[in-house]
Structures are given as structure tokens and as C-alpha cells.
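Below are the chains, spelled out letter by letter.
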Amino acid sequence: MSDRTPILGTSPLRKEGRAKVLGAAQYIDDIELPDMWFGATVRSAIARGTIRSISFGSEVDWSKFTVVTAGDIPGENTIVHLTKDHPCLAHQRVNHPEEPILLIAHPEKSALLAAARAVHIEYDELPGVFTIEESETAVENDDATRIIWEGSEQGGTANCFKKYLMYSGTAAETEDGLAAAFEGADFIVEGEYHTGAQEQLYIENNGVIAECNKDALGNVTDVCVRGSMQCPYYLVHALTLVFNLPSDKCRVIQTETGGAFGGKEDFPSVIGSHAALLAMKCGHPVKITYDRAEDMAATTKRHPSRTRHRTAVSRDGKLLGGTIDFAIDGGAYATLSPVVLSRGTIHAQGPYKWPHLRVRAKAMATNLPPHGAFRGFGAPQSLFGIERHMEKIAKVVGLSPEEVRRRNFLSTGDTTATGQLLSDPVDMQHLLTRALYEAGYHDKIARFAEENRHSTIKRGVGFATFMHGAGFTGSGERRLNSLVQIDVLPDGRPRILVSSTEFGQGTNTILCQVGAQTLGLPYEDVMIAQPDTSLVPDSGPTVASRTAMIIGKLVERVSVQLLETLRCRAGLPANHTAEEFKVCAKQYLAEHGTLTSSLRYEPATKIYWDDELFHGDAYPAYAWAVYVAEVAVDMNTYMATVTRFDALQEVGKVMHPVLAKGQVEGGVAQAIGYALYEKCMWKEGRMMNNQMTNYIMPTSADLPPIHVRFEETPSIHGPSGAKGIGELPMDGPAPAILNAIENATGVAFNTIPLLPEDIFERFTSFTEPGHGGSEEFDVTRQGEFLPEVLA
Amino acid sequence: MSNVTFTVNGNRQTVDVPPMKRLLDVLREDLHLTGTKEGCGEGECGACAVLFNGELVNSCLVPALQANGARLCTIEGVSTEGRLHPIQQCFLEKGGAQCGICTPGMILATHHLLEKYPNPTLEQIQEGLAGNLCRCTGYMRIFEAVQEAAAGGAR
Amino acid sequence: MRSDAALFELEAPATLDAVLAQIAAEPGKYTAIAGGTELMVALGTGRLVQRSLLSIQHLDELRFIRVEDDAIHIGAGTTFTDIRRDAAIAEDLPLLIQSASWTGSVANQNRGTLGGNICNASPAADTPPALLAYGATVTLISAIGKRSLPYSDFHLGYKRTALRPDELLHSISVPREFDGYRQYIRKVGTRNAQAISKVALAGIALIEGEVIADIRIGAASLADRPIRCGAAEATLLGRRINEATIRAGRAALASEAKPIDDIRSTAMYRAAVAENLLEEFLRSLMS
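Rules behind the numbers
Residues numbered from 1 in each chain as written. Chains lettered and ligands numbered in written order. Predicted model: local features only at pLDDT ≥ 70, side-chain atom pairs only at ≥ 80, totals over all residues. Helix = DSSP H or I, 4+ residues; strand = E, 2+ residues; numbered from the N terminus. Rg over C-alpha atoms; globule rule 2.2 N^0.38 Å. Buried ≥ 20, exposed ≤ 12 C-beta atoms within 10 Å, placed from the backbone. Contact = placed C-beta atoms within 7 Å. Nonpolar A, V, L, I, M, F, W, Y, C, P; charged D, E, K, R; others polar. Expected span 1.5 Å × (residues − 1). Domains from an automatic or database assignment. Pairing = 2+ DSSP bridges. Axes fitted to C-alpha atoms, helices over the stretch in contact; angles between N-to-C directions. pLDDT = per-residue confidence, 0-100. Parallel < 35°, antiparallel > 145°, perpendicular 65-115°, else oblique. Left-handed = near helix turned anticlockwise from the far one by under 90°.

A.B. asks: Would you mind going over the overall build of chain B with me for this structure?
C.D. replies: On a plain count of helices and strands, chain B comes out with five helices and five strands. The C-alpha atoms of chain B give a radius of gyration of 15 Å, which matches the 15 Å a tight globule of 155 residues would have. Here chain B, with 155 residues, has 69% of them falling under the buried criterion. Put simply, of all contacts in chain B between residues at least 6 apart along the chain, 59% involve residues at least 24 apart.

See the structure below:
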């Protein structure tokens, strides 16, 4: 009899953990292929304009180099995501600083430096736009000189990649309802909230190695790219267009990936295509790795945002109706902006009941390097807006922040503003009570109010209540149509075959846990294949907090299917032992050669979503959370520090307590950086602080103790009820921290990152016009390690 | 080119390299010890940390010539014949490694810390590891791993 | 990595005399490299202009801490870790310990040297404020001999020092005369660890009765070089510590502080925080 002790809910050792602690894990820069060359990218020095000429300085012996330009691309000069506006290599026009123009390769990596410097490019500059406002103004003024993006068939218009218009009811009903709500409101509360760009700052920079094979006539027959990435099949798709090859001739292998956070979701399509083109032209495998400065300046960041709220509120603090205008800065090309916008739009409502809600959302084009995916993907931006706005509503109405939430929370059986019925139990009232209790919130409110009167250190507490939808929006999972397989190795051990990637969040571990529990085998006996598209099926991208829930569920179901096959065809008994499984599996292999079980995604319940109306079941499931931040603001230095953080979330099922805690702690740390430390400093579209000395990420000495607690309300969509948790922790901390700072100082700040200079500027602006804030940093004066401009 | 001789993980090595070549690159390219990682190239992230005559240093900031005669320990030298050092075991058990790229440097920094402070306070751990940036963990699991290693008498 | 390492020369003459002789033979050709925590970053970012370097990291003649009755002499090649571990410095020069402890990370403290920190001459450097407040003396050495000057005369302008092309910094001497002095140092950076200074203030004061009998203040990032805040000192010397004194001190500091806007912070913030640090220091003297 086998011992059916549950494996989900325990914390077995990370599947690839031993290699990692030994320093033996193979990241792309640890790998060399025979005869390998190195590649580098020559990039635009201007934000917008046309390329007048390119010349190659004679100080370099160019015969030893391979050079690739747009003209060398065999297929389409495009990096495809949702539209084809993004060139693989700039041809005549450049639209952002650091835009790739040409590629060079050489057997010696060090030779590339001088060569890149010897490429002289002349431009005719055109005026650029660098903020949401500048982009909007160009449209409003019909300024053709500043329309930097023309529009697309996918719903884009001048300077605007995408728009959404979301109504809680029908358009007519909602507009009537809003008019009445504002007419009859006791209070109308308005607010504007801003979030800045953020660099993912994975400690392993982007890197790939590409190989290209040709036939006797010199035509490309197939390409193979391996490297640091989240979504091998995204790169396959990109390569099929660049090379005009079918997908089975574009092989992609994910190597051990040193952090991603969304920064390696869409971007590898760029670097992977580049390396493959160089491999094609030079006839050798080509490695391209970015150093930190290049990675920071040239790759995707989190979309900056602006949220405008106008809310009708009753005297007892209930939301009567509201309009939300949500705008994000997408950078120079569309990439994934429409999807980021979509998620931001849906989360803008927060965990609240809106009798009438209209959300107008748009993604604007600017001459910055295209922004891309970053953990949270639009939700941190719009949730910052609503959770700061609820604090304002509380102040205006005269209620506590707690009370105003309680009077408006969604609950089981309610409908969200997209019209989704919350049939799974949700109890925000309880989560709020528990979170505030565990953080000692009420006691601190009273104690700090007293202590602050006699101290130059002002302390405060604040919280945020929020949710995060797991899985792709609406019909997205159905469209992805994920395929998952499980096969059996010659020694009888099962092996999971998915394109879901490990980059620290625990994919390998949790999927093997699901497999092991379902198959009734020890965790150590269940294997998972390295994502190699010649071997694993397309189970969709590793994004959107979908891996645990959607892919986990698929792994559970395909494991059941495998068992059925063995029961029916190999005499596997019910309640088998691990040994019996191996025997039967090997027996099956002996008879049939291979044993592979496959299954495609099917939603566990019906999911109704209307893309046109932007209405229906937005996500299969939500995780719900209340986060509490305790801060100290030093009024001598104007520095705000988080001194304690409490994170409570309901996640369906905690599959692996150690991993789950680690996910939340890491996400909270990243969000603390988002709120208080990490400012991208732009000068005409170029990131000027593209070094770790000047882009400030919190160290171990800056972060508070982070207390993580879970609750479990199982969802039918995930294995043992699990919902996604990867992105949730990014959503709550920033508003919780700014709420705490408002509690500590009495001053409302509505822009992140909030730097000490900004706090200083606001405090001194009470007596005179504000100056000295972080918008006045001089980004041309770099300081250490770079030439300084004399004072 | 300079002839540079040093000991790495107990093994004597001689390389012929430009004297200003970064020790990090000598380890990774000339000796194929790829466990030491490059994260920033400016001495900020600690992913390249190694022990140099028993002291923690960022190998991206050491010119090869200055390693002449030195005794180095890289992550490859922390385990013994495939047997995990207690620090490595604690990192594994406590979830101290997520994506793993900061892990080699973090383990060496822990090793260095516990040599100096066998029973470190949380503050000493925070200070000792402040030069090793981790983007994945938020440091909590790492602190627990270090405390566990210390409690078990690890150095 | 933005440099081709093969394009740089680095030699390590065996003795200090050999280094000095080589420098004397071709003044201006060589740049000395000790721990490398500045120059190797410049190499990595492609901004190391100097192509010929001489390593002084191994020279025992420059790495010492010598305690005499009236002064502590610290070799220029002494690392921050060496400083942090020294009991005499901990006893007599706590501000130096403090500033060494927040210079970079442990790994960088193990390699970075006091001499490198001073000679790199960034206005934001961590140890100069303390050394200025302590009234240190620096000894410079060349093939033709040694000379000493007050450290306050060492920084001539933005990243310009009194070193001649044929000279190295030999040692820094700090008098042991601060028994009974109250000592204060605070660095305000971009975060709690591994941060470059936005502004820093070091202060020592001797209080007799309620009167400031002596006061020395050193600051980082308030000018193009580390400075002694002479105007603030002159205003505060001989006064009783009270609210009026604090206001006067703040005003005097405001008159001599000339911080800039750069990528790290703004001039107004630096100036305001510097005044707040001065006030914090003065209030600590009241108790």
C-alpha cells in the first residue's frame, strides 16, 4: 500500500536547488559552444529621427567582423507581440534612445568594443515626446511633428496604442447612473495619482546563444536559440517571422534564468532574434550578453501611469459611482501595452462594490525604449490609485481608512464592476480584521500619534486592501489553449513536459509536487524537463500568475490520465506503491516503446468574457489581500523607512509554504523599492542612472522584517484549490506605505517613487514655492565612476 | 601579459593574462570556474564575491596581477567532493536560493560572516550581507538560512 | 565590461622605493592602484583613462597603524577593515571607525584603502569629514623625500589634490587630543548601506560649562571638495548652546555650503539636511 501523505502543502527541497547552492547551475553566460563568436548591438544615440548615414571607421579591420543590418533579415523586420510596429533592427527611422540599428559579431568579445565605437551614425533629429502628457498634447493640438506612432489595425490611433472603455453596466445605464450619482452625492472626491517606471533589475542580465543551419544553397534551414527567458514559445513565434521559417524549425531552449519578473517575457524576442541573425550571417554560434549598463538602458521597464479618480460618495462613506481615467506610458512601440492596460483597467476598481463605474484607459506612445512586462503588469499602477484615493475619501467624509473600506468591500455573491459574479467565498471584512490585529494597527495609531508630538521621527501605519486576478484575462486562457504532457523515462520515472519556466519562483518544484501527489509517488521520483521547444509542448507563457493554478491543474489532470492509461493497459493496481508504478511503467514502455499523456486546457467552469464590451468574467480566480505597512519618517533627513511589514493574503492553497513565503517577501521587497527607492531618471528618453550605484534598490539593511500569513479558500481552477500568488505581493505595498506616510506626517503624497527630496520639497513648500524635489535632479551630473560636470 | 600564480580551492593555478584582467574573468574564462557570477561589474551587487586570503572581496574589482600569490576560495571550493557545506544545506532547506544567481556570492559572504561572528545578531547578518543584492527573496529566507547555519555551528 | 583589459599595463614593483623611483623617472605616466575599488569600476565602465598603472596594494610600507602618545599614524594603504578592527582607533577616533563602516560593503571595505578614499578626492567621500574635523595631517612621499601638510590644505578643488605627479600619499596622522570631546557623525545617503553620500557631517566639540570651547566640523557634498565648515565654527566658538546659537550656526553653514543638483540629490535638499544635521549635533551637546 502506498503512503498517501500529501506533498502539496509541504516544503520539499527546490528541484534544482542543489545545483544552485553548489554554484553548478548553468546560466547562459556559463555556457560556451564550440566555435562560438560574440555579438554586440549598435544603438541609436537619439530619441527620434532618421538615419542619414552609417559609416565604418578605418581604425578597425572590418574584414574580421560580421555586420548585420535590417537588410539582412530574411523574413519580416519585426518583433511581433500583438502588432508588427516594432522593428527588429531600425531601418531608416529611430524612435527611441538605444534602439538597435545594427549588430556586429567577432570571435573575440573584447574586439567588439572598439568596433562598436568605430561605427559612425549621422541622424536628422525629429522632435520627440517623453511623457504621457506630451504625447496627449500632440494629439490634442493635432501637432503632426509630434505624432510619433501612427496607429494600427489592432485598435491603435495616433500616439495611442490602445484604448479601453469599461462600464459596470451597459453604457447608457452607467452614464445615467453616474449622472444621478454625482447629482445626488454628498461628496465628490477627485484625485490624481502617479507611478514611475521601474527596472526589473534581475541580477542576471539578458543573454542568449544562437545557432543557425543552412542548406547547400545557403538558405536557412533552422535556428536554435538558448538563453535566459520566461517564454520559449514567444521567441519561437518571433523567429518564425524574422526568418520566415515554420515553428518546428525554430528551436528555443531556456537555460537557468537568474531572475526575470517580466523583464524576460517579451524582451528575449529581441535579443534572441539578434543573435540568430548574427549566427546566420557569420556561420558560427553567436552569444550576446548585455552588461548591466546596456541592460538597464535598452530593455523594457514597468509602464509609468497616471490615474485620475472622480468619485461620488454618500455621507456615510459609500461609493455611489465613479469615473476613472487610467493612462500608461508604453514607450516607442506597442509590445504588450494593450495587455498591461487591460489588467490595469480591470484592477482599477479595487476590491469594492461600485453601483456605477466607468473606466477610460489608454496606452500612450512616447520616445522611450518600449516598456514591457513587470510583475503585476498594470495592477500595481491602478491599485496604487484606488488605494490612495480611498484614503482621501475617508478624510473627506470623516471616516477612518478602515471604516470606509468596510462599507464598500465586495463580498461573496457580489458582482465586480466587470460583471463577474464572485461565487467563490471572499471575506475581506475578516481579512482586514485579522491583518490589522496581527500588525497591531490600532494600538500603533494611538501610540504613534502621541509619540510623534515629541519626536523628529514621525511614525505611522497604513494599509492597502486589494486583489489580483490569476491567469490570463477573460478568454485569454482559452485562446492560449495550453498543452501539457507527461511522459515516462526508461527507468520508469514520470517526466513533466511543459514550456513553463523556472526563474526562482518555484515552477519546477510545485509542478513536481502536483505530479507526485497525483501519481502517488515520492517527490524525488517526479522529473521535469528543461523547456526545450523540440521536446516540450506550448503550455503558454510563464506570466500572469498562471503557473500554479492553470498549469498546476493541467499537470494534475494529465497525471490522472497517465494513471488511467497504466491502470487500463499495464495492470497498475489501485493504491499502487511507487515500486509498482515503476514496474508497470517500464512494462508499458517495453510493449509500446513510449508513454506520453497529453491534455489541453479546459476551464473548470464556464468563463464568459466579452472583449468588445470589456465585460464578464475577467479572471478565473482572484487572490485577496490586506497589507499593512509601518513607517518612520525622519524629519531631519526626510527619509521614509519601512520599519515593519505585514502581508496577509488568501490564496486558495499554499502549495509550498517556504516558496510561497519567499514569493511574498520578495515581491514586497520589490514593491518597497517601487515606492521609496527606485527612480528611473530620464533625459530625453534615455535612462541616465543605468548603473547599480545610481539606481537604488533596497539592500538587506534597508528592508524591514516582513511577516507573511496565508489563508486558504480553495478554487476549483487550481490543484488542491491553489490560486496564483506571483504578482499579488507587488500590488499592495506602495499604497500601504504612502498611506502610512500620510498617517505619520499628515501630508498626502500621491506620486511614487517618493524620495526624501520630494518629502523635503513638500514640507518646505508650505512656506514658499516647492523646490529641491526629485524632479530637479540634474541627470547630466553622474557623480562617482563617470565623468562629473564641474559645479 | 603577466604570469600570475595563485591557489584556488586548494589547487595551484598559473595563468598568462593581461595584468589588468579582472579576477572575475580569470576565474570564469581561464579557469572555467563559472560559479562566480557577474551581476553589475561595479562592485555593487556582490554576485562576484570570492574569498581572497580569507577575506571577502568583489572579484570584478581585483586586477589579476594583484592575485599573484593569493589563496582564493570560490563557491566551487565550499562543498567537499560533492558534499554540501552546512551553509549550503541551510540555504537549500530554508529557501535561501530562488533564482540562484546571487547565491554563490551570498554563500561566500555568509561563510565570511560566520568566521568573524559565529553567533551573529540579525543586525550583524544584515550588515554582513548588505553587499550582496538579492532581487528575488526579500532576504528573509536568507537570514533564516544564516541563523540556522550559525545555530548548527557552521562556519 | 567596457574596456579591453589587454590595453592596460600594470606592474607591481616590490618595494615602495622601487615604486617611487619608477614614478620619478616618468612623472605623470603612472597611476597608483591600491585596492582598486574606484579604478576597477572605471575600467568596467570604459572610463579608465590612465593606461599605465602601478600596484601599491602589496606594499607593507604603506599598510600600518602606528600608535604614538600624541598621534595615530595610519598608512595610506590601510584598508577600511583594518581601521574597523583597530582598538586604538576605536578608542580615540570613533568618527573614523563610523565612516569606515559605511563606506561600501564589507567586500569593498576589505580592499578599499584610506589613501585611495582621500586621493580619489570625491567631494562625497566618506572619511574626509571625520579627518577634517580631527585636524589630520597628511604626509606625502616621493623619491626625494617626505613632506607633510594639514589635511585641510590637501584638497585644492574638484578631484584635485596637492599631490605632485611624482608623489604618493604615505600616511595620515591624527592627533590624540580629543579626550572629553563630544563626537558626532552622520551620513545621509540614498539608502542605509552601500550608498554614496548625499550629504555628511562630522563634528567634534569641547563643552566647558555650557560654552562651546572648541568646535570642528567637516562636511561632504557641500562643495566641490570635502570642507571644514569654518564659518559655522567661527560663529559657534565661544557661545553658549541655546536656540539662538543653533539658529546662528545654521545660518553660518548656509552661507558657506555650496551644494549642487546632481543625479543623486538636489542642492536645496543637501543644504537643508546639512543644517538639520548641524542642529542635531548641537542639540546633542545640550544634554
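A.B. asks: Even after reading the chapter, I still don't get the overall build of chain A, so can you show me in this structure?
C.D. replies: Broken down by element type, chain A carries 20 helices and 28 strands. At 27 Å, chain A has a C-alpha radius of gyration in line with the 28 Å of a compact globule built from 791 residues. For chain A, the C-alpha atoms occupy an extent of roughly 75 × 75 × 55 Å along the three principal directions. Residue pairs at least 24 apart in sequence account for 79% of intrachain contacts in chain A once pairs closer than 6 positions are excluded.

A.B. asks: For this particular structure, what's the right way to read the interface of chain B and chain A?
C.D. replies: For an interface, size is often stated in terms of accessible area lost upon the parts coming together. Taken together, the contact between chain B and chain A spans 40 residues of the former and 42 residues of the latter. Taken together, the elements giving at least two residues each to the side of chain B that touches chain A come down to α2 (86-94), α3 (103-116), α4 (122-128) and α5 (140-151) of chain B. Counting residues per element, the side of chain B that touches chain A draws most heavily on α2(B), at five residues. Here the residues of the side of chain B that touches chain A are counted per class, giving 19 nonpolar, 13 polar and eight charged.

A.B. asks: Would you take a moment to explain helix α5 (residues 232-243) of chain A for this structure?
C.D. replies: Since the α-helix packs 3.6 residues into each turn, any two residues three or four apart lie on the same face. All names here are of chain A. Look at α5: 16 Å from first C-alpha to last across twelve residues, which is about the 16 Å you get at 1.5 Å a residue. For α5, the tally of buried residues reaches ten of twelve residues, placing the bulk of the element in the interior. The first or second residue beyond α5 is Asn244, which carries a positive phi of 55 degrees.

A.B. asks: Help me understand the domain arrangement of chain B, please; the structure alone is not making it clear to me.
C.D. replies: Residues and elements named next belong to chain B. Under the domain assignment, chain B is made up of domain 1 (2-77) and domain 2 (86-151). With centres defined by C-alpha atoms, the gap from domain 1 to domain 2 works out at 21 Å. Considering every element that reaches the side of domain 1 that touches domain 2, the biggest residue donor is strand β3 (residues 49-52), with three residues. A class-by-class count of the residues in the side of domain 1 that touches domain 2 yields eight nonpolar, four polar and two charged.

A.B. asks: Please clarify how the sheet that holds strand β11 (residues 182-189) of chain C should be interpreted in this entry.
C.D. replies: Pairing between the strands of a sheet comes from backbone hydrogen bonds, and it takes one of two forms, parallel or antiparallel. Residue and element names in this part refer to chain C. In spatial order, the strands read β11-β12-β13-β14; together these four strands make up an open sheet with antiparallel pairing. Looking at the sheet topology across the chains shown, the edges are occupied by β11 and β14 (227-228). With respect to the sheet, helix α5 (residues 94-101) is in contact with β11 and β12 (197-208), its orientation differing from that of β11 by roughly 15 degrees. Against the sheet, helix α11 (residues 267-286) touches β11, β12 and β13 (211-220), its axis set at about 25 degrees to β12.

A.B. asks: Explain the confidence of the model for chain B to me, please; I cannot follow it from the model alone.
C.D. replies: Should pLDDT be low for a region, the predicted coordinates there are not to be read in detail. Of all residues in chain B, 100% have pLDDT values of 70 or greater, and the mean over the chain is 97. Interface confidence in the predicted complex, given as ipTM, is 0.99; pTM for the same model is 0.97.

A.B. asks: What is the right way to look at the packing of α2(B) against α3(B) in this model?
C.D. replies: Working note: a packed helix pair is described by the angle between its axes plus the distance between those axes. Residue and element names in this part refer to chain B. At a minimum axis separation of 10 Å, α2 and α3 run at an interaxial angle of 125 degrees. One finds that α2 runs oblique with respect to α3. Considering only the axes of α2 and α3, their crossing is right-handed. Contacts from Ile87, Gln88 and Phe91 of α2 reach α3 at Thr103, Ile107, Thr110 and His111.

A.B. asks: Sorry if this is basic, but what is going on with the interface of chain C and chain A here?
C.D. replies: Taken together, the contact pairs 33 residues of chain C with 36 residues of chain A. In terms of residues, the side of chain C that touches chain A owes the most to one element, α11(C), which gives seven residues. Residue composition of the side of chain C that touches chain A, by class: 16 nonpolar, eight polar and nine charged.

A.B. asks: What's the story with the sheet that holds strand β23 (residues 621-634) of chain A in this structure? I'm lost.
C.D. replies: Residues and elements named next belong to chain A. As summarised here, the arrangement of the four strands in space is β16-β23-β24-β27, forming an open sheet in which the pairing is mixed. Two strands in the sheet have a free side with no partner beyond their single neighbour: β16 (457-470) and β27 (706-711). Between one strand and the next, the sheet's axes are offset by a mean angle of 15 degrees, whatever the strand orientation. Relative to β27, strand β24 (residues 639-650) runs parallel, the two sharing six bridges. In the sheet register, Glu650 faces β27, and the bridge partner there is Glu711.

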